[in-house]
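Observations on the three-dimensional arrangement
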Amino acid sequence: MDNVLSGVRVLDFTDRLAGPFCTRYLADCGCDVINVETPGGANCRTMPYLFDGQSTDYMYNHCGKKSMVIDLKNSEGRALALRLAKVSDVVVENFRPGVMKRLGLDYATFREVNPAIVMCSISGWGQTGPYSELMGADITTQAYSGILDLTGPPNRRPCFVGIPITDILAGLNAFG
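Along each chain, the written sequence defines residue order, and numbers are assigned to residues from 1. Side-chain atom pairs in this predicted model are given and counted only at pLDDT of 80 or more, local residue features only at pLDDT of at least 70, and totals for whole chains, interfaces and linings cover all residues. Excluded from the side-chain calculation are hydrogens and water; included are all heavy atoms of the structure.

To qualify as a helix, a DSSP run of H or I must reach at least 4 residues; to qualify as a strand, a run of E must reach at least 2; elements of each kind are numbered from the N terminus. What the chain contains, in helices and strands, is eight helices and seven strands. Note on method: radius of gyration uses C-alpha positions; expected globular size equals 2.2 Å times residues raised to 0.38. Here the C-alpha radius of gyration of the chain, 17 Å, is about what a compact globule of 176 residues would show, namely 16 Å. Over its C-alpha atoms, taken along the principal directions, the chain stretches across nearly 55 × 40 × 35 Å. Buried positions account for 36% of the 176 residues belonging to the chain. Contact definition: two residues touch when any of their heavy atoms are within 4.5 Å. A separation of at least 24 residues holds for 64% of the contacts in the chain among residues at least 6 apart in sequence. Only carbon and sulfur atoms are counted for the fraction: they give 57% of the accessible area of the chain, which is about 10,200 Å². Where the 16 positive side-chain charges of the chain centre and where its 18 negative ones centre are 4 Å apart. In this scheme, a residue with accessible area under 20% of its type's maximum is buried, one over 50% is exposed, and one in between is partly exposed, where area comes from a 1.4 Å probe on protein chains only. Here, Shrake-Rupley sampling with a 1.4 Å probe gives the accessible areas, and only protein chains in the shown set may cover a residue. Residues scored as charged are limited to Lys and Arg (positive) and Asp and Glu (negative), so that His and the chain ends carry no count. To locate a charge, take atom NZ for lysine, CZ for arginine, CG for aspartate or CD for glutamate.

Below you can see the structure in the form of structure tokens.
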């Protein structure tokens, strides 16, 4: 039996947690997910916690995906990314706003090679607005949202939520 999204190809320019969490669920639903890693490998390959020398976060969030290394900072790498976009249905990225445009791989450029492509951009603070240029990190988002103040014992300093809840929720909402 086919999965609900069988036949859909996703070009995945994500790293760390929110983006890979999203694209892992797309893979679980049957998408053919191609994760593009930078030379040297994705940062999330070294995230704690390790099992037999491999990041458990990486193992969990990348199962069911294909992975390839592309240097997006050179013309050959950009050309390869555009060839992949031509045969893909969806692009997911979680760079800071403006990075894909600087790389020459923004939505308008993808649409030139594939007018039907859909793109999802995940960022900590949105694509526009006063904080959009800030790097999104789960702990920072928790602090700004006030959730740190709600966690832990009363009359103590704010406490980090036990899991990276804002990254997980961002990835889950992007998946939805």
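Next comes the rest of the account.
So, on to the environment of Pro48. Here Pro48 is to be found in the loop between strand 2 (32–37) and strand 3 (50–51). Between the C-alpha atoms of Pro48 and Tyr58, which are ten residues apart in sequence, the distance is 9.2 Å.

Turning our attention to helix 6 (residues 138–145). For helix 6, the complete set of buried residues consists of Asp138, Thr141 and Gln142. The buried residues of helix 6 occupy one face: seen down the axis, they fall within an arc of 100°. Where helix 6 is buried, its residues meet helix 7 (147–150) and helix 8 (165–175). The directions from the helix axis to the C-beta atoms are what the arc is built from.

This next bit is on the pattern of salt bridges. Salt-bridge detection follows one rule: a side-chain nitrogen of Lys or Arg within 4 Å of a carboxyl oxygen of Asp or Glu. For the coordinates displayed, the defined rule picks out six salt bridges. The shortest N-O distance in the salt bridge between Asp32 and Lys66 comes to 2.7 Å. In this pair, Asp32 sits in strand 2 while Lys66 sits in strand 5 (residues 65–69), placing the two residues 34 residues apart along the sequence.

Only buried residues count toward a nonpolar core. Its members are Ala, Val, Leu, Ile, Met, Phe, Trp, Tyr and Cys residues joined through side-chain atoms within 4.5 Å. Core analysis: the biggest nonpolar cluster contains 16 residues, and Leu11, Phe13, Leu72, Leu105 and Phe110 have the highest contact counts within it. For this core, the elements supplying multiple residues, two or more each, are strand 1 (9–13), strand 2, helix 3 (75–86) and helix 4 (99–102). With three residues, the single largest contributor to this core is helix 3. When residues no more than four places from it in sequence are discounted, the contact partners of Phe13 are Val36, Leu72, Ala81, Val91, Val92, Glu93, Asn94, Phe95, Met100 and Phe110. Val10, Ala18, Cys22 and Val92 belong to the second-largest nonpolar core, a separate cluster that totals ten residues.

What follows is about the sheet that holds strand 1. The pairing criterion is simple: DSSP has to find at least two bridges between the two strands. Taken together, five strands build an open sheet; the order of strands is 5-2-1-6-7 and the sheet is parallel. In this open sheet, the two edge strands, each paired with only one partner strand, are strand 5 and strand 7 (118–121). Shown here is a sheet whose adjacent strand axes are inclined to one another by a mean of 20°, direction ignored. For strand 6 (residues 90–93) and strand 7, the ladder comprises four bridges, and the chain directions are parallel. Pairing of Val92 across the sheet is with Cys120, part of strand 7. Axis definition: a line fitted to C-alpha atoms, over the contacting stretch in the case of helices. Angles run 0 to 180 degrees between N-to-C directions. The strands touched by helix 1 (residues 18–28) within the sheet are strand 1, strand 2, strand 5 and strand 6, with strand 5 carrying the most contacts at an inclination of about 130°.

Turning next to unusual backbone geometry. Residues other than glycine predominantly adopt negative phi, and peptide bonds predominantly adopt the trans conformation. For Arg16, which is not glycine, the phi torsion reads 75° and is therefore positive. Residue class for Arg16 comes out partly exposed when judged on its relative accessible area of 46%.

Glancing now at the packing of helix 1 against helix 8. Any two packed helices are characterised by the angle at which their axes cross and by the distance between the axes. The N-to-C vectors of helix 1 and helix 8 enclose an angle of 40°; their axes lie 7 Å apart at closest approach. Classified by the angle their axes make, helix 1 and helix 8 are oblique. Considering how the two elements wind past one another, helix 1 and helix 8 form a crossing that is right-handed. Between helix 1, through Ala18, Phe21, Cys22, Tyr25 and Leu26, and helix 8, the contact on the second element is made entirely by Asp167, Ile168, Ala170, Gly171, Leu172, Ala174 and Phe175. Residues of the contact of helix 1 with helix 8, tallied by class, amount to ten nonpolar, one polar and one charged. Roughly parallel covers angles under 35 degrees, roughly antiparallel covers those over 145, roughly perpendicular covers 65 to 115, and oblique covers all other angles. Take the far helix as the reference: if the near one is turned anticlockwise from it by less than a right angle, the crossing is left-handed, and if turned clockwise, right-handed. When residue character is reported, Ala, Val, Leu, Ile, Met, Phe, Trp, Tyr, Cys and Pro are called nonpolar, Asp, Glu, Lys and Arg charged, and the others, Gly included, polar.

Purely spatial values, then, with no claim about function.
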